[in-house]
Structure formats: structure tokens, C-alpha cells
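Single-letter residue listing:
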Amino acid sequence: MPVLEWLFEKPRRDYFDNVRTEQPDKKVRYETVSSVDKRTDVTIMNMRVGDYVTYRGIDYYLRQRYIYRAGSYEWMSYQLSDSSKQNSLWLDVEDDDEINIEITEPISIPEGVTVENLKAKRPFTYNGEVFVYDEHGYAQVKIEKEDKRWDSETVKYWDYYNKDETKFLSLELWGNDELEASTGYPIKDFELDIYPGS
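A short tour of the structure in this document, coming up. (Residues numbered from 1 in each chain as written. Predicted model: local features only at pLDDT ≥ 70, side-chain atom pairs only at ≥ 80, totals over all residues. Heavy atoms only, no water.)

Taking burial as the measure, the seven residues of strand β9 (residues 168-174) include seven buried ones, the bulk of the element. Residue alternation in β9 divides its side chains into two sets, Phe-168, Ser-170, Glu-172 and Trp-174 and Leu-169, Leu-171 and Leu-173, and both sets are buried. Sheet topology note: the strand β8 (residues 150-161)/β9 ladder contains seven bridges and is antiparallel. Bridge pairing in β9 links Val-155 to Trp-174. Where β8 folds back onto β9 in an antiparallel hairpin, the turn is made up of six residues, including Glu-165, whose phi is positive at roughly 60°. The pairing of β9 with strand β10 (residues 178-187) spans seven bridges and is antiparallel. The residue bridging Ser-170 from the neighbouring strand is Ser-182, located in β10. Counted between consecutive antiparallel strands, the loop separating β9 from β10 contains three residues, among which Gly-175 sits at a positive phi close to 65°. (Buried < 20%, exposed > 50% of the residue type's maximum accessible area, 1.4 Å probe, protein only. Helix = DSSP H or I, 4+ residues; strand = E, 2+ residues; numbered from the N terminus. Pairing = 2+ DSSP bridges.)

Structure (C-alpha cells):
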């Protein structure tokens, strides 16, 4: 058969037997696009309210995010709780040449600790361990709440460590009279699994 006749030959019916003629499902196509748009680059440094963290087999929901700024220096504190809201913890994160992560939990103000004692940088004892002064400063704090509203505060802080620096104790003065204390310990980033929220 000459080439031109072959080119213009009417295709046989079976030529189309395995060819799909229906349009792709638009709903499926849009779902695929939206799944690509979801956040996939969530890290310990850019988490936000609604994200999830797994630590020691427990899944936590990020309920509040505190962003501290002192001059050009910035660090974060994340409030996490499990689905029952019975287990909660805080993650403190700072990038100081390398990323430092600490698990913290609120505690009652240790006996004998006052703002005057903190200003004097005196060591004190908590749970049988001596904690010594490390640093003190002021910070502006932006707080992202669970309803996505933002608040801002000013805080004074004092940081103390035990002898081998395996535990720390922080005290924060919010306003003129609201003194809060927390204690904790450092962890590595590989101990956490982080997932984007909706």
C-alpha cells in the first residue's frame, strides 16, 4: 500500500478499543492538587499552632506558640498536649549555632525564690539539687493561641543550671508580679517526629 494511502486510510474499529474517551474526574484532580499544596517542610523551627509532635510514643497537638525576641535574638516555646489534655509538655527551641531543644514543664516556685533573690543571682536548691545562675534578660513575646489570635507581652527571665548542665530551671516574670517557674532537660531533634496540621 502506498504511504499516502496508508496515512489517510480510515482507522479500523478495533484501533479505538483500548482508548479512554471519558474526561478525568475533576474532583480527583483537584484533590491531588490540594494534597501537593499541603505543608511538607515542617521543622522544629517553623512549627505553628495545629501541628503535631510525637515524643516517646505519645502524640501531642501544638496548642500555643511563644516567640521570644531579645534584640536580634529569637527563640520559641511550644505548648503541647495530648488528645485528652491530661499529658502536656513544653518544647523550648533556639538556634544558637546549632539547634538546641529542651523539654520543659511548669513547676511551683521553689521555696525561698523571690525576685530579689533572682536579681542577686544567688544559687538555690530544687528537688535536692543546687542550681546556679546562668543568665538574665528581657524579651518581647508574641503568643499564637489555639484560636489563631495573637497576643504580645514583655517578660523578664532568669536561667539556672545544675552542676553538670543536664537540667535547667527557668523563672519568668510576666508583668510586675506574675512569677512562673519551669524545669527541664535537653533532647535531640531525632527524638521527635513532627507532622503538619490541617
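Here we take up a negative patch on the surface. There is a patch of like negative charges on the surface, built from Asp-95, Asp-96, Asp-97 and Glu-98. In this structure, Glu-98 sits in strand β5 (residues 98-107). Note on Glu-98: relative accessible area 52%, which makes it exposed. (Patch = residues over 30% accessible without salt bridge, like charges linked within 9 Å, V, L, I, M, F, W, Y side chains within 5 Å. Areas by Shrake-Rupley, 256 points an atom, 1.4 Å probe, with all protein chains shown as cover. Salt bridge = Lys/Arg side-chain N within 4 Å of Asp/Glu carboxyl O. Lys, Arg positive; Asp, Glu negative; His and termini not counted. Charge placed at Lys NZ, Arg CZ, Asp CG, Glu CD.)

A word on the nonpolar core. Counting 19 residues, the largest nonpolar core has Ile-44, Met-47, Tyr-78, Leu-80, Leu-91 and Leu-192 as the members making the most contacts within it. When residues of this core are traced back to their parent elements, those giving at least two are β1 (52-55), β2 (58-70), β3 (73-81), β4 (88-96) and β5. One finds Ile-107, Leu-118, Phe-124 and Leu-169 within the second-largest nonpolar core, a separate group that totals 14 residues. (Core = buried A, V, L, I, M, F, W, Y, C linked by side-chain atoms within 4.5 Å.)

Here we take up the packing of aromatic side chains. Within the structure shown, the criterion is met by 12 aromatic pairs. Ring plane angle 20° and centroid distance 6.4 Å describe the contact between Phe-124 and Phe-131, whose orientation is recorded as stacked. Both residues of the pair, Phe-124 and Phe-131, belong to the buried class. Joined through ring pairs, the aromatic side chains of Tyr-66, Tyr-68, Tyr-73, Trp-75, Trp-90, Tyr-157 and Trp-174 make up one cluster. Here the basic side chain of Lys-142 rests over the ring of Trp-150, its NZ or CZ set 4.9 Å away from the ring centre. (Phe/Tyr/Trp six-rings, centres within 6.5 Å; stacked < 30°, edge-to-face > 60°. Lys NZ or Arg CZ within 6 Å of the ring centre and 35° of its normal.)

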